[in-house]
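# Commentary on secondary and tertiary structure
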Amino acid sequence: MVRESYGVEERPRAVRLPRRQRRAQLMSAALEVFVAQGYHAAAMDDIAERAGVSKPVLYQHFPGKLELYLALLDESCDTMIANCRAALESTKDNKERVAAAMDAFFEYVAHDTGAFRLVFESDLTNEPVVRRHVERVTTECADLIAGVIREDTGLPQEAARLLAVALVGMGEVSARFWLKEDGGLGQLTREQAVALVSGLAWRGIRGYPLTDEQ
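Numbering of residues begins from 1 in every chain and follows the order in which that chain's sequence is written. Per-residue local features of the predicted model are confined to residues with pLDDT of at least 70, and side-chain atom pairs are confined, for both listing and counting, to 80 or more; whole-chain, interface and lining totals are unaffected and use all residues. Hydrogens and water molecules were not included; the side-chain quantities draw on all heavy atoms of the structure.

The protein appears in an unreviewed UniProt entry as TetR/AcrR family transcriptional regulator from Nocardioides panacisoli.

## A look at helix α1 (residues 19-41)
Note that an α-helix has 3.6 residues per turn; residues three or four places apart therefore point the same way. Selection criterion: In this text, helices come from DSSP runs of H or I with a minimum length of four residues, and strands from runs of E with a minimum of two, each type numbered from the N-terminal end. What a helix should span is 1.5 Å times the count of its residues minus one. Bend, in this description, refers to the angle at a residue between axes fitted to the seven residues ending there and the seven starting there. Burial classes: relative accessible area under 20% of the type maximum marks a residue as buried, over 50% as exposed, and values in between as partly exposed (1.4 Å probe, protein chains only).
Taking 1.5 Å per residue as the helical rise, α1 with its 23 residues ought to reach 33 Å, whereas the 27 Å between its terminal C-alpha atoms falls clearly short. For α1, the principal kink sits at V35 and spans about 80°. Inspection of α1 places R22, L26, M27, A29, A30, L31, V33, F34, G38 and Y39 among the buried residues, and these make up the whole buried set.

## As for the environment of A36
Tracing the backbone shows A36 in helix α1. Along the primary structure A36 and R117 are separated by 81 residues, whereas in three dimensions their C-alpha atoms are 9.7 Å apart.

## As for the UniProt feature "DNA-binding region" (unreviewed entry) in the protein
Applicable threshold: UniProt positions are given in the numbering used here, feature names are shortened, and annotations may be inferred rather than shown by experiment.
When the UniProt feature table is mapped to this numbering, "DNA-binding region" (unreviewed entry) covers residues 43-62. Split by type, residues 43-62 is 75% helix and 0% strand. Its first and last C-alpha atoms lie 13 Å apart.

## Considering the packing of helix α4 (residues 65-89) against helix α5 (residues 94-110)
Note the following rule: Between N-to-C directions, angles cover 0 to 180 degrees, with each direction set by a line fitted to C-alpha atoms, over the stretch in contact for helices. For this classification, under 35 degrees means roughly parallel, over 145 means roughly antiparallel, 65 to 115 means roughly perpendicular, and everything else is oblique. Left-handed describes a crossing whose near helix is turned anticlockwise from the far helix by less than a right angle; the clockwise case is right-handed. Any pair of residues with heavy atoms lying within 4.5 Å of one another is described as a contacting pair. Residues are sorted three ways: Asp, Glu, Lys and Arg are charged, Ala, Val, Leu, Ile, Met, Phe, Trp, Tyr, Cys and Pro are nonpolar, and all the rest, Gly among them, are polar.
Direction vectors running N to C along α4 and α5 enclose 155°, while the axes themselves pass 8 Å from each other. Regarding the angle of α4 to α5, the classification is roughly antiparallel. The crossing of α4 and α5 is right-handed. For the pair α4 and α5, the contacting residues are S76, C77, T79, M80, N83, C84, A87 and L88 in the first and R97, A100, A101, A104, F105 and Y108 in the second. Partitioning the contact of α4 with α5 into residue classes produces ten nonpolar, three polar and one charged.

## Observations regarding the packing of aromatic side chains
Convention followed: Any two of the Phe, Tyr and Trp rings considered here, Trp counted by its six-membered ring, make a pair once their centres fall within 6.5 Å; the pair's planes then place it as stacked at under 30 degrees, edge-to-face at over 60, or tilted in between. Only when the NZ atom of a Lys or the CZ atom of an Arg is both within 6 Å of the ring centre and within 35 degrees of the ring normal do we say a charge sits over the ring.
Throughout the structure, instances matching the rule amount to five aromatic pairs. With a centroid separation of 5.6 Å and 55° between ring planes, the pair formed by F106 and W178 is classed as tilted. Here the residue F106 occupies a position in helix α5, and W178 occupies one in helix α8 (residues 157-182), the gap between them amounting to 72 residues. Taking the relative accessible area as the measure of exposure, W178 reaches 5% and is therefore buried. Aromatic side chains Y108 and F120 sit 5.9 Å apart centroid to centroid with 85° between the ring planes, which places their arrangement in the edge-to-face category. Linking Y108 in helix α5 with F120 in helix α6 (residues 116-120), this pair joins segments that are twelve residues apart in sequence. By way of ring pairs, the aromatic residues F34, Y39 and Y69 are connected into one cluster. The positively charged end of K65 is found above the aromatic ring belonging to Y39, 4.4 Å away from the centroid.

## Notes on the nonpolar core
Soluble, globular proteins show a tendency: their nonpolar side chains are buried together. Rule in force here: Working definition of a nonpolar core: buried Ala, Val, Leu, Ile, Met, Phe, Trp, Tyr and Cys residues. They are joined through side-chain atoms within 4.5 Å.
Counting residues in hydrophobic clusters, the biggest one holds 65 residues, and the most contacted among them are F34, L68 and L73. Broken down by element, this core gets its largest block of residues, twelve residues, from α4.

## Description of helix α9 (residues 190-205)
Between the first and last C-alpha of α9 there are 22 Å, a value that for 16 residues agrees with the 22 Å anticipated at 1.5 Å per step. Among all positions in α9, only A193, V194, V197, S198, G199, A201, W202 and I205 are buried.

## Quick word on the confidence of the model for the protein
For the record, the criterion: What pLDDT reports is the predictor's confidence in each residue, on a scale of 0 through 100.
Averaged over all residues, the pLDDT of the protein equals 86, while 87% of them reach at least 70. Note that pLDDT drops below 50 for residues 1-13; the model gives that stretch five contacts with residues more than four away or on any other chain.

## Focus: the pattern of salt bridges
Side chains carrying opposite charge are able to pair once their charged atoms draw close together. Convention followed: Any Lys or Arg side-chain nitrogen found within 4 Å of a carboxyl oxygen on Asp or Glu counts as a salt bridge.
If you walk through the whole model with that rule in mind, you get ten salt bridges. Ionic pairing is found between E121 and R117, a salt bridge with its closest N-O pair at 2.9 Å. Classification of E121 by relative accessible area gives partly exposed; the value is 36%. The exposure class assigned to R117 is partly exposed, which follows from its relative accessible area of 35%. With its nearest N and O atoms 3.6 Å apart, the salt bridge here joins R176 to E121. Placement of the pair is R176 in helix α8 and E121 in the loop between α6 and α7 (128-153), with a sequence separation of 55 residues. Through salt bridges with shared partners, a single network forms among D74, D78, R136 and E140.

Below you can see the structure in the form of structure tokens.
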């Protein structure tokens, strides 16, 4: 029997996906919505619509908007921390390590998903659980960098960690400023910006060697 629609266009049913693929699809749609609208303005209706699913499907995977946001935040934090680790492990030359670490921040903020806004420009940092997630990037990246500094300089852990936090802050703030001012398309290319910032960082950090080698 042919079902009459009476002029009402029926919404196509979402393709059935394995749970892991569906979760990834929902998170991708949510990232677009959160980046575009911010946490407070975004609605689960918007995310479900963007993903092409019903709200019940969305709630099968995430019990609420905060849980979905935290899942995205975790993923974004993990990406930045992994990028920092990879940069430090990419070479044994400390000057090149500094450049690679700074480039990790610039690459992260320049990514077309805009995921960095969840970590560095969240409008929900007054929420303690969100603030803890955001601070994890600084903490874990600084711990990685501090390990290299301590091994190379012999400085106490507290001193090495303070220097590491300063380097992380330099990378994060300068990368965000570059993106805002130039958008990667202005007077400074990403490569030029990284060279400037890493050059400044290297001139400072190389003053703490175990030997007299510069």
